[in-house]
Amino acid sequence: MLAVTLLGTGGPIPDPQRAGPSTLVSGGSEQYLVDAGRGVLMRLAAAGVGPAQLNAVLLTHLHSDHITDLNDVITTRWITTFEPSPLTIVGPAGTRRVVAGIGESLGPDIGYRIAHHDDLDYPPPVEVIEATEGEIYLGGDVRISCAPTDHRPVEPTVAFRFDYGGASVVAAGDTVPCDGLDRLCEGAQALVHTVIRKEVVSAIPIPRVLDTLDYHSSPAEAAQTAARAGMDTLVLTHYFPPPAAGDEDAYRALAAEHFDGTIEVGDDLHRVEVRP
Ligand SMILES: [Zn+2]
Ligand SMILES: [Zn+2]
């Protein structure tokens, strides 16, 4: 059984109810964080998991709203572990540069803490793996693989697949329907997909908002991807606009026109169990 916990379902616009995009995928005792948006460690704490327990952080892409709190994950893991526990960070090409930049920005803090704590004499250990397609070997029992997605002009971007005990989940990130995602979804049971309601967005006469239309999926497009792969469950997240209380059905109805399986629309900390 794999468990999916939506840690943050919001978008780039700060929302008092929704943290930034981030999803926890758990299999057995292993914990994988997909993206690290605003407030991720608060939501992770609410889910009963600390940064020291993470097996890896997997980044779908390097858009700021998906990585705002990666620095918090790196620092808090470092200061809450008592021997070097390298944080594995997997992401598309460019991840190494971003992580190096975060390390640079944390330079003063790293210096203060090493000077202050006798038992802390090393900087935050991180191990970066840049991935494009195929299996990613992290040494756990959960098998992880990735494939390229299409969020152009943002590139490269990837989706991740988790296989454990006969259950499989794909976490898509931001993308329009594409071959890479279809390949990854083949034979999997559940798809976690970010969505925007294009019929709402297209009525907002702000160019910067309209620009988001051509590189995200609508609930219908996410549903079509899940349906093509014959999946059982579609979990929608990273909603724009964020559904007001009681408004989740609109998202569900748009997806249900194209997908017969279970459609999950939830708030932060919504948890879905995926069984073989
Ligand atoms: Zn994005
Ligand atoms: Zn996004």
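First, a word on scope: everything that follows refers to the structure included in this document. (Residues numbered from 1 in each chain as written. Chains lettered and ligands numbered in written order. Predicted model: local features only at pLDDT ≥ 70, side-chain atom pairs only at ≥ 80, totals over all residues.)

1. Description of the overall build of the protein
Secondary structure summary: the protein contains 10 helices and 14 strands in total. Against the globule reference of 19 Å for 276 residues, the protein gives a C-alpha radius of gyration of 18 Å, in line with a compact fold. With the C-alpha coordinates aligned to their principal axes, the bounding extent of the protein is approximately 60 × 45 × 35 Å. Pairs at least 24 apart in sequence give 64% of the contacts found in the protein among residues at least 6 apart. (Helix = DSSP H or I, 4+ residues; strand = E, 2+ residues; numbered from the N terminus. Rg over C-alpha atoms; globule rule 2.2 N^0.38 Å. Contact = placed C-beta atoms within 7 Å.)

2. What about the packing of helix α9 (residues 219–228) against helix α10 (residues 248–256)?
Between two packed helices, the angle of one axis relative to the other and the distance separating the axes together describe the packing. Their axes nearest at 7 Å, the elements α9 and α10 cross at an angle of 50 degrees. Taken together, the axis directions place α9 and α10 in an arrangement best described as oblique. Where α9 crosses over α10, the two elements pack in a sense that is right-handed. Note on element contacts: α10 touches α9 through Tyr-251, Leu-254 and Ala-255, opposite Pro-219, Ala-220, Ala-222 and Ala-223. Here the contact of α9 with α10 is composed, by residue class, of 7 nonpolar, no polar and no charged. (Axes fitted to C-alpha atoms, helices over the stretch in contact; angles between N-to-C directions. Parallel < 35°, antiparallel > 145°, perpendicular 65-115°, else oblique. Left-handed = near helix turned anticlockwise from the far one by under 90°. Nonpolar A, V, L, I, M, F, W, Y, C, P; charged D, E, K, R; others polar.)

3. Here we look at the sheet that holds strand β6 (residues 126–130)
Taking strand neighbours across the sheet as the criterion, the 7 strands line up as β6-β5-β4-β3-β2-β1-β14 in an open arrangement whose pairing is mixed. Two strands lie at the open edges of the sheet, namely β6 and β14 (271–274), each paired on one side alone. Along the sheet, successive strands turn relative to each other by an average axial angle of 20 degrees, direction set aside. With 2 bridges connecting them, strand β4 (residues 56–58) and strand β5 (residues 87–91) associate as parallel partners. For Val-57, the partnering residue across the bridge sits in β5 and is Ile-89. Most of the contacts of helix α3 (residues 70–79) go to β5, to which it runs at about 160 degrees, and overall it touches β4, β5 and β6. Strands β5 and β6 of the sheet are contacted by helix α4 (residues 95–105), whose axis makes an angle of about 155 degrees with β6. (Pairing = 2+ DSSP bridges.)

4. Some remarks on the sheet that holds strand β12 (residues 233–240)
Strand order across the open sheet formed by 7 strands is β7-β8-β9-β10-β11-β12-β13, with mixed pairing between neighbours. Across the chains shown, the open sheet's two edge strands, defined by having one partner strand only, are β7 (134–136) and β13 (262–265). Between one strand axis and the next, the sheet turns by 25 degrees as a mean value, whatever way the strands run. Bridge count for β12 against β13 is 4 bridges, and the pairing is parallel. Residue pairing across strands places Leu-234 opposite Ile-263, the latter belonging to β13. Taken strand by strand, α9 contacts β11 (190–196) and β12, and its axis lies near 160 degrees from that of β11.

5. Observations concerning the nonpolar core
Proteins that are soluble and globular tend to have nonpolar side chains buried together. By size, the foremost hydrophobic cluster in this structure holds 68 residues, and its most contacted members are Val-57, Ala-159, Val-169, Val-170, Leu-191 and Leu-234. Beyond its immediate sequence surroundings of up to four residues, Ala-159 is in contact with Thr-60, Cys-146, Ala-147, Thr-149, Val-170, Ala-171, Ala-172, Gly-173, Thr-175, Leu-181 and Leu-184. (Core = buried A, V, L, I, M, F, W, Y, C linked by C-beta atoms within 7 Å. Buried ≥ 20, exposed ≤ 12 C-beta atoms within 10 Å, placed from the backbone.)

6. Focus: α3
A turn of α-helix holds 3.6 residues, and therefore any two residues three or four places apart point the same way. Turning to α3, its buried residues number three or more, namely Leu-70, Val-73, Ile-74, Arg-77 and Trp-78. Projected down its long axis, α3 shows its buried positions confined to an angular sector of 120 degrees, all on one face. Contacts made by the buried residues of α3 are with α1 (40–46), β4, α2 (64–67), β5, α4 and β6. (Arc of directions from axis to C-beta.)

7. Quick word on the pairing of strand β3 (residues 30–34)
For a regular strand, side chains alternate in direction, first toward one face of the sheet and then toward the other. Among the 5 residues that make up β3, 5 are buried, leaving the element largely enclosed by the rest of the structure. The alternating pattern of β3 places Glu-30, Tyr-32 and Val-34 and Gln-31 and Leu-33 on opposite faces, both of which are buried. Of the strand pairs in this sheet, strand β2 (residues 22–27) and β3 are connected by 5 bridges, and their pairing is antiparallel. Residue pairing across strands places Ser-26 opposite Gln-31, the latter belonging to β3. In textbook terms, the turn of a hairpin is the stretch between consecutive antiparallel strands, and for β2 and β3 this stretch comprises 2 residues, one of which, Gly-28, has a positive phi near 60 degrees. Taken together, β3, α1 and β4 form a β-α-β motif whose crossover is right-handed. (Right-handed = clockwise from strand over helix to strand, strands pointing away.)

8. Quick notes on the environment of Gly-134
Along the chain, Gly-134 turns up in strand β7. For Gly-134, a count of 9 C-beta atoms within 10 Å corresponds to the exposed category. A sequence separation of 79 residues divides Gly-134 from Leu-213, and the C-alpha atoms of the two residues are 29 Å apart.

9. A closer look at the pairing of strand β10 (residues 167–171)
Of all 5 residues making up β10, 4 are buried, and the element is well covered by its neighbours. Pairing of strand β9 (residues 158–164) with β10 involves 5 bridges; the strand directions are antiparallel. What sits directly across from Phe-162, in β10, is Val-169. In this antiparallel pair of consecutive strands, β9 and β10, the connection spans 2 residues, and Gly-165 shows a positive phi of 55 degrees. In terms of strand pairing, β10 meets β11 through 3 bridges, oriented parallel. Looking at β11, one finds that Val-170 is bridged to Leu-191.

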